[in-house]
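# Structural characterization, general
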Amino acid sequence: MSCIYLLGCSQWSDKPYDSDWKHVYEELADVMIYYIQMADVLGVDLDKIIQDKMERNARKYPVGLSRTTGGKRERSGR
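The following refers to the structure shown. Everything quoted here is computed from the prediction, not taken from an experiment. (Residues numbered from 1 in each chain as written. Predicted model: local features only at pLDDT ≥ 70, side-chain atom pairs only at ≥ 80, totals over all residues. Heavy atoms only, no water.)

### Considerations on the packing of aromatic side chains
The tally for this structure, following the rule as stated, stands at 2 aromatic pairs. Residues W21 and Y25 carry aromatic rings whose centres are separated by 6.1 Å and whose planes lie at 35 degrees to one another, so their mutual orientation is tilted. Within this pair, W21 and its partner Y25 are both found in helix α2 (residues 21-42), separated by 4 residues, close to a single helical turn. Judged by relative accessible area, which is 54%, Y25 ranks as exposed. Relative to Y35, the ring of Y34 has its centre 5.2 Å away and its plane inclined at 70 degrees; by these criteria the two rings are edge-to-face. A residue is classified by how much of its surface remains accessible, and Y35, at 39% relative accessible area, is partly exposed. (Phe/Tyr/Trp six-rings, centres within 6.5 Å; stacked < 30°, edge-to-face > 60°. Helix = DSSP H or I, 4+ residues; strand = E, 2+ residues; numbered from the N terminus. Buried < 20%, exposed > 50% of the residue type's maximum accessible area, 1.4 Å probe, protein only.)

Here it is, written out as structure tokens:
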């Protein structure tokens, strides 16, 4: 549930809808605690899986590419 509350705090904006940063921090802490505990139980190396994912994302979404309104990727600067 905390993930849903956290998303709702800032959906469609870069600020909490009610400027309640304390609430956002509490929800973020709840989410992180849950996932860190899950990773511990599963024996997952969080640093490794995060680094692996970031590397896959970098290959999948190169910085020099951006989405156009047509949904196709094009080199930026065109």
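### Some thoughts on helix α3 (residues 46-60)
Every α-helix carries 3.6 residues per turn, so stepping three or four residues along brings you back to the same face. Between its first and last C-alpha atoms α3 spans 21 Å; for 15 residues at 1.5 Å apiece the expected length is 21 Å, and the two agree. For α3, the N-terminal capping position is held by D45, with its side-chain oxygen 3.2 Å away from the main-chain nitrogen of D47. (Expected span 1.5 Å × (residues − 1). Polar contact = N/O pair within 3.5 Å; in protein donor to acceptor, adjacent residues only side chain to side chain.)

### Comments concerning a positive patch on the surface
Taken together, the side chains of K53, R56, R59 and K60 define a basic patch exposed on the protein surface. With respect to the element layout, R56 can be found in helix α3. (Patch = residues over 30% accessible without salt bridge, like charges linked within 9 Å, V, L, I, M, F, W, Y side chains within 5 Å. Areas by Shrake-Rupley, 256 points an atom, 1.4 Å probe, with all protein chains shown as cover. Salt bridge = Lys/Arg side-chain N within 4 Å of Asp/Glu carboxyl O. Lys, Arg positive; Asp, Glu negative; His and termini not counted. Charge placed at Lys NZ, Arg CZ, Asp CG, Glu CD.)

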